[in-house]
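# Fold and geometry: a report
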Amino acid sequence: MFGFPIADRPQGGQFKRNLLKSVIFQVKFEQSEEVVAGFKAKRETLKNKLPITNPISQNFAEVRFEKDKTPIVQTANSPTHGYEFKTADNHKTLVVTEDTLSYTIAGPSYQNFSVAISEIKRDFFSILQECHVLKFNRVAIRKINLIEPIDLTLSNKDLLLVAFNEDLVHNITSLPDITRVASGVTNVTMENTDKRLKVAYGLLAPIQMKGKKQILLDIDLFFFNQNVPLNVIEVKWTEINDEIFNIFNWAISPELRADLLPD
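In this text, all values refer to a predicted model and were calculated from it rather than measured experimentally. (Residues numbered from 1 in each chain as written. Predicted model: local features only at pLDDT ≥ 70, side-chain atom pairs only at ≥ 80, totals over all residues. Heavy atoms only, no water.)

Take the nonpolar core next. Nonpolar side chains in soluble globular proteins tend to end up buried together. Core analysis: the largest hydrophobic core is formed by 68 residues, its most contacted members being F25, F39, L94 and W237. Contacts of W237, omitting those with residues within four sequence positions, involve F25, Q26, V27, F113, I117, I120, F125, V139, A140 and I141. (Core = buried A, V, L, I, M, F, W, Y, C linked by side-chain atoms within 4.5 Å. Buried < 20%, exposed > 50% of the residue type's maximum accessible area, 1.4 Å probe, protein only. Contact = heavy atoms within 4.5 Å.)

Right, here's the structure in full:
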């Protein structure tokens, strides 16, 4: 898809732990007021798993919507309106607007891709079907990884090299005095016909973290200009998830990869 080498899955199919801050699954479709009304009507059904409901309107905003990126939460920056359904601990959030469904899972609650997809299909797809939303023009997954060092004495250079493929961070590690770098995040966009990949990686400024350093690896991959039937969405998400896995494996260092492998 984008030239990244195909990575083998670890024994058991997944790493022993993840580095995820959040995972976002998103689909977009032709604007429909019916879908907002449909999910509103299902509030009682959704309440067992997503008990908190908030309306989204032109006067409501919770997080900034970044142009051309898969949003963590779709809010008033969208010209449409809808509803936000959340768990009590805020670890899972469903946002439905007139043209978008986004489901965000916080890293600690993310088990694996199969579990997440089963949950989405079981709880949300039937509602989309009832609302006659059967075709989708954008299909996306965004995985935001945050790496925090156990050894707080690591220098910026050592921290980057422990976390990443050396070639990926050469532009930062080759600076004459990397100790002076407070933060440094690189953004790369790649395109392949109707597929677009956005990767952001590097050292975050330790704001509100009591000086604790953090490393970011944000992978956002989406298919656009699509005409995907509802029953094919899982196939598209599987393609995207597999490529994100390849990118993640290529991007991290051999040392970090070995540390994540099951014992």
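This part is about helix α1 (residues 33-41). Within α1, the full set of buried residues consists of V35, V36, G38 and F39. Across the axial projection of α1, the buried residues extend over an arc of 160°, all falling on one side. Opposite the packed face of α1, turned more than 90 degrees from it, sit the exposed residues E33 and A41. For α1, the secondary structure elements touched by its buried residues are α2 (43-46), β3 (82-86), β4 (92-97), β5 (100-106) and α3 (113-130). Where α1 begins, one side-chain oxygen reaches toward the backbone nitrogen of E34, 3.3 Å away; that side chain belongs to S32. (Helix = DSSP H or I, 4+ residues; strand = E, 2+ residues; numbered from the N terminus. Arc of directions from axis to C-beta. Polar contact = N/O pair within 3.5 Å; in protein donor to acceptor, adjacent residues only side chain to side chain.)

Moving on: the side chain of D123. Tracing the chain through its elements places D123 in helix α3. There is a polar contact of 3.4 Å between the side chain of D123 and the side chain of K49. A distance of 3.1 Å separates a polar atom in the side chain of D123 from a polar atom in the side chain of R122.

Bringing the packing of α3 against helix α6 (residues 233-251) into the picture now. Direction vectors running N to C along α3 and α6 enclose 155°, while the axes themselves pass 12 Å from each other. Relative to α6, the element α3 is oriented roughly antiparallel. Seen along the crossing, α3 lies across α6 with a hand that is right-handed. Contacts between α3 and α6 involve F113, I117, I120, K121 and F125 on the former and, on the latter, I233, E234, W237, T238 and N241. Residue composition of the contact of α3 with α6, grouped by class: six nonpolar, two polar and two charged. (Axes fitted to C-alpha atoms, helices over the stretch in contact; angles between N-to-C directions. Parallel < 35°, antiparallel > 145°, perpendicular 65-115°, else oblique. Left-handed = near helix turned anticlockwise from the far one by under 90°. Nonpolar A, V, L, I, M, F, W, Y, C, P; charged D, E, K, R; others polar.)

Attention shifts here to the pairing of β4. Counting buried positions along β4 gives six out of six residues, so the element sits mostly inside the fold. Two strands pair when backbone bridges link them, and β3 and β4 are joined in this way by five bridges, in the antiparallel orientation. Within β4, the residue paired with E84 across the bridge is V95. With antiparallel pairing between neighbouring strands as the criterion, β3 and β4 make up a hairpin whose turn holds five residues, including N90 at a positive phi of roughly 65°. From the end of β4 to the start of β5, which pair antiparallel, there are two residues. (Pairing = 2+ DSSP bridges.)

What follows is about the confidence of the model for the protein. The predicted model of the protein averages 89 in pLDDT, with 89% of residues at 70 or higher. Across residues 59-65, where pLDDT falls below 50, the model places 16 contacts with residues more than four positions away in sequence or in other chains. (pLDDT = per-residue confidence, 0-100.)

This brings us to the pairing of strand β8 (residues 184-192). Both faces of the sheet carry side chains from a regular strand, because those side chains alternate between them. Alignment of β8 against strand β9 (residues 195-204), held across nine bridges, turns out to be antiparallel. Each bridged residue has a counterpart across the sheet, and for E191 the counterpart in β9 is R196. Linking β8 to β9, which pair antiparallel, is a turn of two residues; within it T193 sits at a positive phi near 50°.

Before going further, it helps to examine the pattern of salt bridges. A full pass over the atoms with the stated rule returns 12 salt bridges. Residues K49 and D123 are paired through a salt bridge, measuring 3.4 Å at the closest nitrogen-oxygen approach. Here K49 is found in the loop between α2 and β2 (52-56), whereas its partner D123 is found in helix α3, with 74 residues between them in sequence. Judged by relative accessible area, K49 falls into the partly exposed class, the value being 42%. For the salt bridge of R196 with E191, the shortest nitrogen-to-oxygen distance reads 2.7 Å. A relative accessible area of 15% means that R196 is categorised as buried. When salt bridges with common partners are traced through the structure, they connect K49, R122 and D123 into a single cluster. (Salt bridge = Lys/Arg side-chain N within 4 Å of Asp/Glu carboxyl O.)

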